[in-house]
Amino acid sequence: MSSVETIHVNGVWRAAASGAQREVLDPADAKTLAVVAEGGTEDTDAAVAAARAAFDTGPWPHTPVAERAALLRRVADLLQRDRETIALIESRDTGKTVAEGGIDVDCVTDAFRYFADLVIGEGAGRVVDAGSATVHSVVVHEPVGVCALIAPWNYPLLQASWKVAPALAAGNTFVIKPSEVTPLSTVHLVRLLAEAGLPDGVANLVTGAGDPVGARLSEHPDVDLVSFTGGLSSGIKVMQAAAPTVKKVALELGGKNPNVVFADACATDEDFDTAVDQALNAAFIHSGQVCSAGSRLIIEESVRERFVTELARRAELIKLGRGTEEGVECGPLVSAQQLDKIEAYVASAVAEGATVRCGGAQPEPSAVRPAAGYFYAPTVLDGCHREMKVVREETFGPILTVETFRTEDEAVTLANDTEYGLAGAVWTKDAGRARRVAGRLRHGTVWINDYHPYLPQAEWGGFGKSGIGRELGPAGLAEYREAKHIYQNLEPQPVRWFAG
């Protein structure tokens, strides 16, 4: 297979029908990492046709659940076999550290195993009491059909798995479109699906840009569901494109996530150290390019100065560099476009009155930070308020804004004062306060005295403009199914409604 044969249709790897190609850049030095096929509308239509045929006439939708689960477990084993290779691919493609890439592979493995276990543990349907001994009534769940899976650039393999694993577990076929910026690990995943024995046509892949590939998938009349993870503006376009065909739509559109710290969470030196460390982790892991990043520190006024001073000191010590280098803790931003975006947000914040406590610029080049790389120093902006653009909008970079509060009600009001509602956290030693605040926060995931962990068996998704639907957990599987009620009259009799 040549490097540009990254489109997978009906079991065959091929180049784009137009012959177009795209260079994938290494964000650490802006050099070409790989060349992939630049798919278009013709490639997308071919992939959808293959998925449609595989669903309508192929064996996969009717494959026994035990066999589908066994295939998912084989994929999980192959992921672990290739763990080091995939971690390196993910690191070089996204800029994250190799260690984080390895954790991603483990999380992907867990997702495949979870959905395998979930479907194998289900019954044959939910029996409904019809109130008659002569009626058998049952609700069963069937696959939706052809699924369009559109994944983001920040966690390409992880986010793809949250879609691929439940789609396959439910018996669907699909076309997946990874981000054109970070497609390489998804190409590897599709190869593993084929190696695991997935029938041809079930998994199809088109590498290419959101327009035309993602746009065509969203509007295509033969696509039954589109699952999209990405930015709000793109998610709106997906909904608009899908509306005329009234297909199912699932959207995860990011967040502007509050990390609320009460003074009592910093009562001892150990508590203080933990809260500061977790605030760093919340904001700056993967250079802040995380949909659930705790990019808004909302801290009780009495401890603000001490907390922010120490936070800024530690942020300045974060070791930036190429993710494959030993000792590096944080890699570059994913692209020049993202770097420009972060610089613009910091500039607007300063113009609106924010104080830069650390960062606020690109770091000096070094042996592990090539000058051409897309690096930006972890940045803490103090003195922020809700009218600032940097506080309202999802920056998706290493920017942490600081807001203060005096009362519990004020903390909750600030935390909920956002169009988004993906995730948030509350730090306090008061168990009653923790439960009260967690209950009042309008966010899909709320951590108490922690930040970032998730479980494949627990639903993930948001309120408000963070999206529609859920991934992971039983609801994540339900997204890829249709409920059908089967009512069987065991002793049919004439109704005699009409006299004739």
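See above for the structure.
In this report, the structure presented in the accompanying data block is examined.

Procedures and definitions
- Residue numbers here run from 1 along each chain, matching the order of that chain's written sequence.
- In keeping with the predicted nature of the model, local features appear solely for residues at pLDDT of at least 70, side-chain atom pairs appear and are counted solely at 80 or more, and the whole-chain, interface and lining totals rest on all residues.
- Side-chain calculation: all heavy atoms of the structure are included, whereas hydrogens and water are not.
- The helix and strand labels rest on DSSP assignments: H or I over at least four residues marks a helix, E over at least two residues marks a strand, and numbering proceeds from the N terminus.
- For every residue, the accessible area obtained with a 1.4 Å probe (protein chains only) is divided by the maximum for its type, and the residue is called buried under 20%, exposed over 50%, and partly exposed between those limits.
- Pairing between strands is defined by DSSP: at least two bridges between them are needed.
- Throughout, an axis means a line fitted to C-alpha atoms (over the contacting stretch in the case of helices), and angles, computed between N-to-C directions, take values from 0 to 180 degrees.
- Contacts are assigned to residue pairs that have any heavy atoms within 4.5 Å of one another.
- Pairs of N or O atoms within 3.5 Å make up the polar contacts considered here, provided that, within protein, one atom can donate a hydrogen while the other can accept it, and that residues adjacent in sequence are counted only when both atoms are side-chain atoms.
- The definitions used throughout rest on a 1 Å grid laid over the protein atoms alone, on which a cavity is an enclosed set of points accommodating a 1.4 Å probe that cannot get out and a pocket is an open set flanked by protein within 12 Å on both sides along at least five of seven lines; lining residues are those having an atom within 4 Å of a point.
- Grid points are joined across faces, edges and corners, and a volume is the space filled by probe spheres set on the points.
- Under the grouping applied here, Gly and all other residues not named as nonpolar or charged are polar, the nonpolar ones being Ala, Val, Leu, Ile, Met, Phe, Trp, Tyr, Cys and Pro and the charged ones Asp, Glu, Lys and Arg.

With respect to the helices and strands, the residue Arg 296 is situated in strand β13 (residues 296–300). Here Arg 296 falls in the buried class, since its relative accessible area comes to 0%. Counting along the chain gives 105 residues from Arg 296 to Thr 401, while the straight-line C-alpha distance between them is 5.1 Å.

Across the sheet, 3 strands lie side by side as β5-β6-β22; this open sheet has antiparallel pairing. Unpaired on one side and paired on the other, β5 (126–128) and β22 (481–489) mark the two borders of the sheet. Put simply, the sheet's adjacent strands are angled 25° from each other on average, direction ignored. In terms of strand pairing, strand β6 (residues 135–143) meets β22 through 9 bridges, oriented antiparallel. When the sheet's bridge partners are listed, Val 135 is paired in β22 with Asn 489.

Looking now at the environment of Ser 185. Looking at the secondary structure, you find Ser 185 in helix α6 (residues 184–195). Sequence separation between Ser 185 and Asp 93 is 92 residues; the distance between their C-alpha atoms is 8.3 Å. Beyond its immediate sequence surroundings of up to four residues, Ser 185 is in contact with Ile 89, Glu 90, Pro 156 and Leu 157. In terms of polar contacts, Ser 185 uses its side chain to reach the side chain of Glu 90, at 2.6 Å.

One number sums up the size of the largest pocket: a volume of about 1,100 Å³. Contributing elements (two or more residues each) for the lining of the largest pocket: α7 (210–219), β10 (225–229), α8 (232–242) and α11 (336–351). Ranked by residues supplied to the lining of the largest pocket, first place goes to α8 with 6 residues. Across the lining of the largest pocket, the residue classes tally to 16 nonpolar, 15 polar and 8 charged.

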